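The primary structure of each chain is shown beneath.
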Amino acid sequence: CLLNGLGPESEMPDKAAALARKLELAIKWGRSDVLEVTLARSDLWLKSPAAFKKAIDKGFDEALLRDNVQAVETLLKHGADVRRYLFGRSFLNIQHKCSDIVKDQNDG
């Protein structure tokens, strides 16, 4: 797996951060297969549902930013919550991050 270099979540002190990083990389690389396998192999949803939800939501942010429809569908299937984007701070954060990405692409 492309993410083996990060090590198994069980060996990392912050399992939610490890899962979020793996999801982020799979989304950035456009690898929906790796995203699906990473989610399927994670036991974080059993051990800490709140931490799993946090990691899923962070991945969902990345998928939205990158306009990755397959990743959005996969993350929704695994419990991402789209309701938090309808109003308020999450929507503004996504809008701000999109502006940063466009700026970075134009500068680079």
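Here the structure is shown first, and the text comes after it.
Keep in mind it's a predicted model, so treat the numbers as computed, not measured.

## What to know about the nonpolar core
Grouped burial of nonpolar side chains is what soluble globular proteins tend to show.
Phase 1 of the analysis: Judged by nonpolar contacts, the single largest core of 21 residues is most densely connected at Leu23, Leu35, Leu39, Ile56 and Leu75.
Phase 2 of the analysis: When residues of this core are traced back to their parent elements, those giving at least two are α1 (15-28), α2 (32-41), α4 (49-65) and α5 (69-77).
Phase 3 of the analysis: Setting aside residues no more than four positions away along its own chain, Leu35 makes contact with Leu23, Ala26, Ile27, Ala71, Thr74 and Leu75.

## Some remarks on α5
Since one α-helical turn is 3.6 residues long, residues separated by three or four positions face the same way.
Phase 1 of the analysis: Every buried residue of α5 is listed here: Ala71, Val72, Thr74 and Leu75. The arc that holds the buried residues of α5, viewed along the axis, is 165°, so those residues lie on one side. Summarising the geometry of α5, the exposed residues directed more than 90 degrees from the buried face are Val69, Glu73 and Lys77.
Phase 2 of the analysis: Contacts made by the buried residues of α5 are with α1, α2 and α4.
Phase 3 of the analysis: The N-capping residue of α5, defined by a side-chain oxygen 3.4 Å from the backbone nitrogen of Gln70, is Asn68.
Phase 4 of the analysis: After α5 finishes, the residue Gly79 shows a positive phi value of roughly 115°.

## Quick notes on the side chain of Ser42
Phase 1 of the analysis: Along the polypeptide, Ser42 turns up in the loop between α2 and α3 (44-47).
Phase 2 of the analysis: One polar contact links the side chain of Ser42 to the main-chain amide nitrogen of Leu44, over a distance of 3.2 Å.

## A short note on the pattern of salt bridges
Phase 1 of the analysis: Tallying each qualifying case throughout the model produces seven salt bridges.
Phase 2 of the analysis: Note that Lys47 is salt-bridged to Asp43, the shortest N-O span being 2.9 Å.
Phase 3 of the analysis: Residue classification places Asp43 among the partly exposed residues on the basis of a relative accessible area of 30%.
Phase 4 of the analysis: Lys53 is paired through a salt bridge with Asp57; the nearest N and O atoms lie 2.8 Å apart. Of this pair, Lys53 and Asp57 both sit in helix α4, four residues apart, which is roughly one turn of the helix.
Phase 5 of the analysis: Assessed through its relative accessible area of 33%, Lys53 is described here as partly exposed.

## Focus: unusual backbone geometry
Phase 1 of the analysis: For Asp67, which is not a glycine, the phi torsion comes out positive at approximately 55°.
Phase 2 of the analysis: Along the chain, Asp67 turns up in the loop between α4 and α5.

Calculation criteria
- Position numbers for residues start from 1 in each chain and track the written sequence from start to end.
- Reporting of local features is limited, given that this is a predicted model, to residues whose pLDDT is at least 70; pairs of side-chain atoms are given and counted only at 80 or more, and all residues count toward the totals for whole chains, interfaces and linings.
- Computation of side-chain values covers all heavy atoms of the structure but excludes hydrogens and water.
- Nonpolar cores were defined as sets of buried Ala, Val, Leu, Ile, Met, Phe, Trp, Tyr and Cys residues, with membership established by side-chain atoms within 4.5 Å.
- Relative accessible area decides the class of each residue, using a 1.4 Å probe on protein chains only: under 20% of the type maximum gives buried, over 50% gives exposed, and in between gives partly exposed.
- Strands here are runs of E lasting at least two residues and helices are runs of H or I lasting at least four, both read from the DSSP assignment and numbered beginning at the N terminus.
- By definition in these notes, contact holds between two residues if any of their heavy atoms fall within 4.5 Å.
- The directions considered for the arc run from the helix axis to the C-beta atoms.
- Throughout this description, a polar contact denotes any pair of N or O atoms lying within 3.5 Å of each other; where both atoms belong to protein, one of them has to be capable of donating a hydrogen while the other can accept it, and for residues adjacent in sequence the pair is counted only when both atoms sit in side chains.
- Put simply, a salt bridge is a Lys or Arg side-chain nitrogen that is within 4 Å of an Asp or Glu carboxyl oxygen.

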